[in-house]
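Descriptive structure summary
Residues per chain are reported as follows:
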Amino acid sequence: MRPRAGRLRRLATPLGILATVTAAFAYVGTVDPNEPGHYPVCPLLKITGAYCPGCGGLRSAHAFIHGDLGTAFSANAVATTGYFLFAAVWVLWLVRAWRGQPLRIVLAPVWWWSIGALLLIFTVVRNLPFGSALAP
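In short, a report on the structure. Computed from a predicted model, the values in this text were never measured in an experiment.

The rules behind the values
Residues numbered from 1 in each chain as written. Predicted model: local features only at pLDDT ≥ 70, side-chain atom pairs only at ≥ 80, totals over all residues. Heavy atoms only, no water. Helix = DSSP H or I, 4+ residues; strand = E, 2+ residues; numbered from the N terminus. Buried < 20%, exposed > 50% of the residue type's maximum accessible area, 1.4 Å probe, protein only. Contact = heavy atoms within 4.5 Å. Areas by Shrake-Rupley, 256 points an atom, 1.4 Å probe, with all protein chains shown as cover. Axes fitted to C-alpha atoms, helices over the stretch in contact; angles between N-to-C directions. Parallel < 35°, antiparallel > 145°, perpendicular 65-115°, else oblique. Left-handed = near helix turned anticlockwise from the far one by under 90°. Nonpolar A, V, L, I, M, F, W, Y, C, P; charged D, E, K, R; others polar. Patch = residues over 30% accessible without salt bridge, like charges linked within 9 Å, V, L, I, M, F, W, Y side chains within 5 Å. Salt bridge = Lys/Arg side-chain N within 4 Å of Asp/Glu carboxyl O. Core = buried A, V, L, I, M, F, W, Y, C linked by side-chain atoms within 4.5 Å. Lys, Arg positive; Asp, Glu negative; His and termini not counted. Polar contact = N/O pair within 3.5 Å; in protein donor to acceptor, adjacent residues only side chain to side chain.

**Side note on the overall build of the protein chain**
Secondary structure summary: the protein chain contains 6 helices and 0 strands in total. Counting helices and strands in the order they occur from the N terminus, the protein chain gives α-α-α-α-α-α. Projected onto its principal axes, the C-alpha positions of the protein chain cover 60 × 40 × 25 Å. Within the span of the protein chain, comprising 136 residues, buried residues form 24% of the whole. Across the protein chain, contacts joining residues at least 24 apart in sequence account for 53% of those joining residues at least 6 apart. As displayed, the protein chain has an accessible area near 9400 Å², and 71% of this comes from carbon and sulfur atoms.

Structure below.
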């Protein structure tokens, strides 16, 4: 196989993921989630009235795609942080694919438990009166 064809094949997956994420953001950027009726309501919010960690994520993505980082962060701080984290991991993935190296990100269990604990704390705090600034 020619080196160029091999490199293109290695880049296909990260570029395909980027195309998919770009299409999703383009759709959310075009179809405003702030207007009722475009997207379904979060089932947890509908049933319990409590915000889940993802509540406000579509509004966050809409604001983010329009360059309003303050509104994006206030709609969902975790989602907005995730956009930047995704971008960093994607660039690392692309560079490693270009070099012919696999992307291996191994997190120790303590990191997974910490992420879960932070999401739980975020969820609880955004549903309490003093944490209303974190609510969408």
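**Thoughts on the packing of helix H3 (residues 57-65) against helix H5 (residues 77-98)**
Relative to each other, H3 and H5 sit at 55°, their axes nearing to 9 Å. Taken together, the axes of H3 and H5 are oblique relative to one another. As for how H3 packs across H5, the hand of that crossing is right-handed. Contact residues: H3 offers Gly57, Ser60, Ala61 and Phe64, while H5 offers Ala79, Thr80, Tyr83 and Phe84. By residue class, the composition of the contact of H3 with H5 is 5 nonpolar, 3 polar and no charged.

**What to know about a nonpolar patch on the surface**
Taken together, the side chains of Val78, Leu85, Val89, Leu92, Ile105, Leu107, Val110, Trp111, Trp112, Ile115 and Leu119 present a nonpolar region at the surface, about 1000 Å² in accessible area. Of all the elements in the fold, those that place two or more residues in the nonpolar patch are H5 and helix H6 (109-126). Ranked by residue count, the leading element in the nonpolar patch is H6, at 5 residues. Take Val110: it is sitting in helix H6. Accessibility expressed as a relative area gives 54% for Val110, which makes it exposed.

**Some remarks on the nonpolar core**
Listed in full, the 5 residues of the largest apolar core are Phe25, Val28, Ala61, Ala79 and Tyr83. Listing elements by their share of this core, those giving two or more residues are helix H1 (3-30) and H5. Non-local contacts of Phe25, meaning those with residues more than four positions away in its chain, are made with Ala61, Phe64, Ile65 and Tyr83.

**Description of the side chain of Thr80**
In this fold, Thr80 is placed in helix H5. The residues touching Thr80, leaving out its near neighbours within four places in the chain, are Ser60, Phe64, Ala72 and Phe73.

**As for the side chain of Arg126**
On the secondary structure map, Arg126 appears in helix H6. Although buried, Arg126 forms no salt bridge, and the nearest oppositely charged side chain, Asp32, lies 16 Å from it. A distance of 3.1 Å separates a polar side-chain atom of Arg126 from the backbone oxygen of Cys55. The contact partners of Arg126, leaving out residues within four places of it in the chain, are Tyr51, Cys52, Pro53, Gly54, Cys55, Ala75, Asn76, Gly131, Leu134, Ala135 and Pro136.

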